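# Breakdown of the fold
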Amino acid sequence: MPTSLSPSTIEIVKASVPALAQHGTAITKGMYARLFRDEHIKALFNHSNQGKGGSQANALAAAILAYAQNIENPSVLMPVLERIAQKHIGYHILPEHYPFVATALLGAIADVLGEAATPELMTAWGEAYWFLADVLKAREAAIRVEIENRQGGWSGWRPFKIVEKHRESDVVTSFVLRPADGGPVIPHRPGQYLTFSLRLPGGQEIKRNYSISCGPNNISYRISVKREALGQGGSKFLHDSVVVGDILEATPPAGDFFLADEPDRPVVLLSGGVGLTPMVSMMEKIERMHPDLQVHYVHGALNSATHAMDCHVRTLAQRHGGISVHTFYSDPLVADTLGVNHDHQGFITAAWLRNNVPFHDADYYLCGPKPFLKILVRDLARSGIDASRIHFEIFGPTDEQMAA
Ligand SMILES: Cc1cc2nc3c(=O)[nH]c(=O)nc-3n(C[C@H](O)[C@H](O)[C@H](O)COP(=O)(O)OP(=O)(O)OC[C@H]3O[C@@H](n4cnc5c(N)ncnc54)[C@H](O)[C@@H]3O)c2cc1C
Ligand code: HEM
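These numbers come from a predicted model, not from an experiment.

## Let's talk about the coordination of the iron atom of ligand 2
Donor atoms from the protein around the iron atom of ligand 2 number only one, His88 (NE2), found at 2.1 Å. One can find His88 in helix 5 (residues 78-90).

## Quick word on the pairing of strand 6 (residues 247-250)
Of the two faces of strand 6, the one lined by Leu248 and Ala250 is fully buried and the one lined by Ile247 and Glu249 carries no buried residue. As paired elements, strand 1 (residues 158-167) and strand 6 share four bridges and run antiparallel to each other. Pairing of Pro159 across the sheet is with Glu249, part of strand 6. Here strand 3 (residues 193-199) runs beside strand 6; their pairing, made up of two bridges, is antiparallel. Paired with Ser197 across the bridge in strand 6 is Glu249.

## Details of helix 2 (residues 17-35)
Between the first and last C-alpha of helix 2 there are merely 23 Å, a value that for 19 residues lags more than 12% behind the 27 Å anticipated at 1.5 Å per step. Considering bend angle alone, the principal kink of helix 2 is centred on His23 and spans about 70°. Turning to helix 2, its buried residues number three or more, namely Val17, Leu20, Gly24, Ile27, Thr28, Met31, Tyr32 and Leu35.

## So, the sheet that holds strand 10 (residues 344-345)
With respect to topology, six strands assemble into an open sheet ordered 10-9-8-7-11-12, the strand pairing being parallel. Of all strands in the sheet, those with a lone pairing partner are strand 10 and strand 12 (390-393), marking the two edges. Judged from the six bridges that link them, strand 7 (residues 267-272) and strand 8 (residues 295-301) form a sheet pairing that is parallel. Counted as the bridge partner of Leu270 is Val298 from strand 8.

## Topic: the pattern of salt bridges
Taken as a whole and assessed by the stated rule, the structure comprises 19 salt bridges. For Lys14, the salt bridge identified is with Glu11, shortest N-O distance 3.6 Å. You can see Lys14 and its partner Glu11 sitting in helix 1 (residues 7-15), three residues apart, about one turn around the helix. Across the salt bridge formed by Arg389 and Asp363, the nearest N and O atoms sit 3.7 Å from each other. Taken together, the residues Arg389 in the loop between helix 12 (370-382) and strand 12 and Asp363 in strand 11 (residues 363-367) connect sequence positions 26 residues apart.

## A short note on the confidence of the model for the protein
Mean pLDDT over the protein stands at 92; residues scoring 70 or higher make up 94%. Note on residues 400-404: pLDDT under 50 across the span, and 10 contacts to partners over four residues away in sequence or across chains.

## Here's the deal with the environment of Ile394
The residue Ile394 is located in the loop between strand 12 and helix 13 (399-403) in this model. Residue class for Ile394 comes out buried when judged on its relative accessible area of 4%. Taking the C-alpha atoms as reference points, Ile394 and Cys367, separated by 27 residues in sequence, lie 6.4 Å from one another.

## So, empty space enclosed by the protein
Under the counting rule described, the total for this entry stands at three cavities of 30 Å³ or more. By volume, the second largest cavity is sized at about 60 Å³. Every residue along the wall of the second largest cavity is listed here: His88, Ile89, His92, Ile93, Arg144, Ile147, Glu148, Trp154, Ser155, Gly156 and Pro252. Every element with two or more residues in the lining of the second largest cavity is listed here: helix 5 and helix 7 (119-149). Considering each element in turn, the lining of the second largest cavity owes the most residues, three residues, to helix 7. Of the residues belonging to the lining of the second largest cavity, the class tally is five nonpolar, four polar and two charged.

## Examining unusual backbone geometry
In this structure, His92 is a non-glycine residue whose phi angle is positive, near 55°. Considering the arrangement of structural elements, one finds His92 in the loop between helix 5 and helix 6 (98-113). The residue Met309 is not glycine, and still its phi comes out positive at about 60°. Mapped onto the elements, Met309 comes out in the loop between strand 8 and helix 10 (310-320). What makes Met309 buried here is its relative accessible area of 4%.

## Observations regarding the environment of Glu82
As for its position among the elements, Glu82 is in helix 5. Note: C-alpha distance between Glu82 and Gln22 (60 residues apart in sequence) is 26 Å. The residues contacting Glu82, other than those within four sequence positions of it, are Arg139, Ile143 and Asp256.

## Some words on the pairing of strand 3
Among the seven residues in strand 3, six count as buried, and that is most of the element. Pairing analysis gives seven bridges linking strand 3 to strand 4 (residues 205-211), with the strands arranged antiparallel. Each residue of the ladder has a partner; that of Arg199, found in strand 4, is Glu205.

## Brief notes about the nonpolar core
For soluble globular proteins, the rule of thumb is that nonpolar side chains tend to be buried together. If you look at the biggest cluster of nonpolar residues, it comprises 72 residues, and the most contacted ones within it are Tyr67, Trp125, Phe196, Tyr221 and Leu248. The two domains that each donate at least three residues to this core are domain 1 (7-148) and domain 2 (158-250). Residues contacting Phe196, with those up to four places away along its chain left out, are Trp157, Leu177, Ile206, Lys207, Arg208, Tyr210, Ile223, Leu248, Glu249 and Ala250. Counting 24 residues, the second largest nonpolar core, distinct from the first, contains Val172, Val274, Val295 and Ala317.

Criteria and thresholds
- Residues numbered from 1 in each chain as written.
- Chains lettered and ligands numbered in written order.
- Predicted model: local features only at pLDDT ≥ 70, side-chain atom pairs only at ≥ 80, totals over all residues.
- Heavy atoms only, no water.
- Donors = N, O, S within 2.8 Å, 3.2 Å for Na, K, Ca; no water.
- Helix = DSSP H or I, 4+ residues; strand = E, 2+ residues; numbered from the N terminus.
- Buried < 20%, exposed > 50% of the residue type's maximum accessible area, 1.4 Å probe, protein only.
- Pairing = 2+ DSSP bridges.
- Expected span 1.5 Å × (residues − 1).
- Bend = angle between axes of the 7 residues up to and from the residue.
- Salt bridge = Lys/Arg side-chain N within 4 Å of Asp/Glu carboxyl O.
- pLDDT = per-residue confidence, 0-100.
- Contact = heavy atoms within 4.5 Å.
- 1 Å grid on protein atoms, 1.4 Å probe; cavity = no way out; pocket = protein on both sides within 12 Å on 5 of 7 lines; lining within 4 Å.
- Points joined across faces, edges and corners; volume = space filled by probe spheres on them.
- Nonpolar A, V, L, I, M, F, W, Y, C, P; charged D, E, K, R; others polar.
- Core = buried A, V, L, I, M, F, W, Y, C linked by side-chain atoms within 4.5 Å.
- Domains from an automatic or database assignment.

Laid out in structure tokens, this is it:
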């Protein structure tokens, strides 16, 4: 990462950290209010993530604060920037969108800080914003070129036909998608997601990410979607309205959470609920490409009614020979029998992992509800597992984790 900000800009930005920490979320909320005055820019976002908790605002606030705090050594932010760049690729954010955020962010800083927003401070933040924006734009341009140049690659929104739809549990349904143009697809890295632009029956268009739940191939993708009762209805729309033959638009696979290309140590795949989707993708690749890899697939579900893809996972494990499967039910039904359709009752814990997987030797991949992730990521780290070996995906913006 280049370090060409002037010393005075660095000083002013550093000095603004306490004010930003105090007003960070207010600034980004104000920024979004300004940004969304433009309908074209507003349509680029997932508005569920702007909601009650304001987690998208928190994620951006945390990123800006982390940037200001590390302005003398911004290379420590590279993993965070890679995640943001991947998100931007998914949402098809282009260089021409950056000036809108600059104007909205600087306007919001001026609104919230009032007299403290001196001309020097505003100039320094303008320079700092464009410095960060240029790093992101360069990385995003490189990712776009890489994706477009691969066989089956594309840029922006591509129409896909639904060629299969099947029920995986009471709450999860899978959809298999092939390009409507009949061409190939890029093999994704297992763990990556597609971003969809969904036109709801009322005409509203919304953006949603879904992890790819099949192994990489040149022909199709599969997603597996949990029906959410509340909210704007992307998942309800997919469950209730989308049928085989329908067309959905998606951007290329993106995301910085994926199985190592050449895993060289045992792998523990930890999932809760619909968080199993990236793990099933990894399992399919492992079954085909990594016959000698030792794998522990550990999954938590409420009970057999919500437990998805169990048969498929056990078939993959049987074919491979080196994959052990463990399922936990936290709320078993009367008809659920321990040892028959689940292996353990309760929640997955670090204490259980310590006794049942190669605890200190493994690479960990996690995906599930936020409390599941928070507890397990924290407990693995506290047990001495190096952060570089704990990989996780969140089905939403990375607010708390990025702020930590
Ligand atoms: C990288 C990534 C990968 C993902 N992969 C998958 C996947 O493989 N499978 C999958 O099923 N999902 C996945 N998701 C989640 C998915 O993108 C959607 O968030 C999910 O389907 C819910 O969308 P929705 O439009 O149905 O509901 P939303 O409108 O997004 O609402 C979701 C939830 O937010 C809360 N909520 C929203 N609005 C309100 C309100 N007004 N009042 C009260 N509560 C509210 C509710 O709890 C509601 O159930 C992924 C997300 C990300 C970021
Ligand atoms: C320097 C400039 C920018 C920074 C620091 C930044 C930061 C972020 C962060 C931290 C996230 C959340 C990533 C995650 O969930 O892990 C994000 C996501 C996103 N950003 Fe940016 N961003 C910038 C510019 C832009 C621009 C110019 C646009 C478009 C106008 C944009 C649109 C989006 C969208 C649509 C998402 C996904 C939102 C979601 O998941 O709901 N960003 N960005």
